[in-house]
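Listed here are the chains, written in short residue letters.
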Amino acid sequence: MQFNLFKIKTPPLVGVDISSTAVKLVELGEAARGRYSIERYVIENLPKDAVVEGNIANMDEVVDALKLAWSQLGTRSRHIAMALPSASVISKKITLPAGLSEDEMETQVQAEANQVVPFSLDEVNLDFQVLGQGASPGGDVEVLLVASRKEKIEDRVAAAEAAGLKVLVMDTESNASQTAFEGMVHVLPDSGRGQTVALIDIGATTMHILVFVDNVMVYSREQSFGGNQLTQEIQRRYGMTYEEAEKLKRKGEMPDRYGLEILQPFTETLALEIGRALQMFVASTSWTKVDYIVLAGGTAILPGLDEAVAGRTEASTMVANPFAGMARSERVAADRLAMDAPALLVACGLAMRRFDSL
Ligand SMILES: Nc1ncnc2c1ncn2[C@@H]1O[C@H](COP(=O)(O)OP(=O)(O)OP(=O)(O)O)[C@@H](O)[C@H]1O
Ligand SMILES: [Mg+2]
């Protein structure tokens, strides 16, 4: 039997999202049994092109930003969870017969990986996760195969180590978003049961579409589209540098005609893109409609975007708050968090890995 009198506190594990515009850190704690709290977070902007399409292009700039962010965070721990962008990961669901030993399963996964991975398995980190037993008697087993080029993982680990940090978990962005989504479902009607919900993360360069049916992820796609398009339009119209345009856009201090001439056309185009992406989902799966759209990412907070998306898609729309229902440390300012929360989806999902059952 197992004694459980003294709960061993899980040591801090900080979620670290290295995205194309920033290094984002989130530390969660446990306020009460089963109730998380946001303890600290930092968003440290990266210079332009330090990270390009999920790849670290300028290691020194990323390490500097990570060091700076870490010193602002002010936590005791050095342990982190990181994620690989979806573009660096090949994942595939496979079905295996029940009753295989761990070794047999590994052999089968390797064989399958040989088919789907377009380079030598020596260059690849391969992992798999059993998803659950099928319904058929003698039940097949669904297994998620995840493969990534070693160099993609090594780059991220090298950045962390150069900043004095230790990577305990290497996750994928999709999976981290999914973890964060699971923590938010209680804000959906009937906690998402029986619903088709699209979680759309719109960052600076990529839009990531995840669809959940009955809270199970059934679809994941990425496309190039994001807030950078709006920044570029501001640059072009007002003859500004990228940095100037980005600063003004975030402050929201824009000339009078900005709303009508630049912002509104952008939100309309974005809503149209989202509408198309969801049509693709419907066309390529057996599901016929999306009931709810949850908008995440820094671009989700653009004024009027949720209405524009609702208008285009006939789904109810809301802006994601991955910290909904969590307690908040007094170190964390509520008004700033409200603005930053949608962009912290991945970092929050990574921070939640601290509470994985051992
Ligand atoms: N207050 C704001 N108003 C308008 N746009 C904002 C605001 N804050 C951030 N953004 C925009 O959100 C985008 C950054 O969002 P986010 O942090 O989710 O992107 P990212 O994760 O770095 O990018 P990607 O996921 O593409 O790698 C930028 O285009 C930025 O200009
Ligand atoms: Mg992002």
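Residues numbered from 1 in each chain as written. Chains lettered and ligands numbered in written order. Predicted model: local features only at pLDDT ≥ 70, side-chain atom pairs only at ≥ 80, totals over all residues.

## Regarding the overall build of the chain
Logical step 1: Helix and strand counts for the chain stand at ten helices and 16 strands.
Logical step 2: For 358 residues, the compact-globule formula gives about 21 Å, and the C-alpha radius of gyration of the chain, at 21 Å, lands near that figure.
Logical step 3: Across its three principal directions, the C-alpha atoms of the chain cover 65 × 50 × 45 Å.
Logical step 4: Counting over 358 residues, the chain shows a buried share of 37%.
Logical step 5: Here the contacts in the chain between residues at least 6 apart in sequence split such that 67% fall between residues at least 24 apart. (Helix = DSSP H or I, 4+ residues; strand = E, 2+ residues; numbered from the N terminus. Rg over C-alpha atoms; globule rule 2.2 N^0.38 Å. Buried ≥ 20, exposed ≤ 12 C-beta atoms within 10 Å, placed from the backbone. Contact = placed C-beta atoms within 7 Å.)

## A word on the sheet that holds strand E3 (residues 35–45)
Logical step 1: Here we have six strands laid out as an open sheet, ordered E10-E6-E1-E2-E3-E16, and mixed in their pairing. Each edge of the open sheet is held by one strand with a lone partner, namely strand E10 (166–172) and strand E16 (327–328).
Logical step 2: Sheet analysis places strand E1 (residues 14–18) next to strand E2 (residues 22–32), joined by four bridges and oriented antiparallel. When the bridges of E2 are listed, Val16 appears paired with Leu25. (Pairing = 2+ DSSP bridges.)

## A few points about the site of ligand 1
Logical step 1: Inspection of the region around ligand 1 gives 22 residues, with Ser19, Ser20, Gly203, Gly227 and Gly298 positioned closest.
Logical step 2: Within the residue set of the shell around ligand 1, elements represented by two or more residues are helix H5 (228–238) and helix H6 (242–251).
Logical step 3: In terms of residue count, H6 provides more of the shell around ligand 1 than any other element does, three residues in total.
Logical step 4: Formed jointly, the shell around ligand 1 draws a minimum of three residues from each of two domains, domain 1 (1–87 + 150–188 + 321–358) and domain 3 (195–320). (Near = placed C-beta within 6 Å. Domains from an automatic or database assignment.)

## Let's talk about the sheet that holds strand E12 (residues 206–213)
Logical step 1: With mixed pairing, five strands are arranged side by side in an open sheet as E13-E12-E11-E14-E15. Edge positions in the open sheet fall to strand E13 (216–224) and strand E15 (316–319), since each of these has one partner strand only. Within this sheet the neighbouring strands show an average axis-to-axis angle of 20°, counted without direction.
Logical step 2: Across five bridges, the pairing between strand E11 (residues 196–202) and strand E14 (residues 292–296) is parallel. If you follow Val197 over to E14, its bridge partner there is Tyr292.
Logical step 3: On the sheet, helix H4 (residues 173–184) packs against E11, E12 and E13 and is oriented at approximately 50° with respect to E12.
Logical step 4: Packing against the sheet, helix H8 (residues 305–313) makes contact with E14 and E15, and its axis sits at approximately 155° to E15. (Axes fitted to C-alpha atoms, helices over the stretch in contact; angles between N-to-C directions.)

## A look at the nonpolar core
Logical step 1: Residues Ile200 and Leu295 are the most contacted members of the largest nonpolar core, which totals 83 residues.
Logical step 2: Looking at this core, the element that brings in the most residues is helix H7 (residues 258–284), giving seven residues.
Logical step 3: If near-sequence neighbours (up to four positions away) are discounted, Ile200 is found in contact with Met207, Ile209, Ile274, Ile293, Leu295 and Ala296. (Core = buried A, V, L, I, M, F, W, Y, C linked by C-beta atoms within 7 Å.)

## Considering the domain arrangement of the chain
Logical step 1: The domains assigned to the chain are domain 1 (1–87 + 150–188 + 321–358), domain 2 (89–149) and domain 3 (195–320).
Logical step 2: Between the C-alpha centres of domain 1 and domain 2 the distance comes to 27 Å.
Logical step 3: Each side of the interface is counted separately: domain 1 has seven residues, and domain 2 has seven residues.
Logical step 4: A per-class count over the side of domain 1 that touches domain 2 returns two nonpolar, two polar and three charged. (Nonpolar A, V, L, I, M, F, W, Y, C, P; charged D, E, K, R; others polar.)

## Comments concerning helix H1 (residues 59–73)
Logical step 1: The end-to-end C-alpha distance of H1 is 21 Å, a good match for the 21 Å that 15 residues give at a rise of 1.5 Å each.
Logical step 2: What H1 keeps buried is the set Val62, Val63, Ala65, Leu66, Ala69 and Trp70. For H1, the angular spread of buried residues about the axis comes to 165°, placing them on one side. For H1, the exposed residues lying more than 90 degrees away from the buried face are Asp60 and Ser71.
Logical step 3: On its buried face, H1 sits against E1, E2, E3, strand E4 (51–52), strand E5 (55–56) and helix H3 (150–162).
Logical step 4: Once H1 ends, the next one or two residues include Gly74, with phi positive near 65°. (Expected span 1.5 Å × (residues − 1). Arc of directions from axis to C-beta.)

## Considerations on the environment of Gly275
Logical step 1: Mapped onto the elements, Gly275 comes out in helix H7.
Logical step 2: Taking the C-alpha atoms as reference points, Gly275 and Thr21, separated by 254 residues in sequence, lie 25 Å from one another.
Logical step 3: Sequence-distant contacts of Gly275, that is, excluding residues within four places in its chain, are made with Arg312 and Thr313.

## Quick word on H5
Logical step 1: Those residues of H5 not exposed but buried are Asn228, Leu230, Thr231 and Ile234. Taken end-on, H5 shows its buried residues confined to a sector of 160°, consistent with a single buried face. More than 90 degrees from the buried face of H5, the exposed residues found are Gln232 and Arg236.
Logical step 2: Where H5 is buried, its residues touch H6 and H7.

## A look at the environment of Pro118
Logical step 1: The residue Pro118 is located in the loop between helix H2 (102–116) and strand E8 (124–133) in this model.
Logical step 2: With 7 C-beta atoms packed within 10 Å, Pro118 lands in the exposed category.
Logical step 3: Linking Pro118 and Ile90, residues 28 residues apart in sequence, is a C-alpha distance of 9.6 Å.

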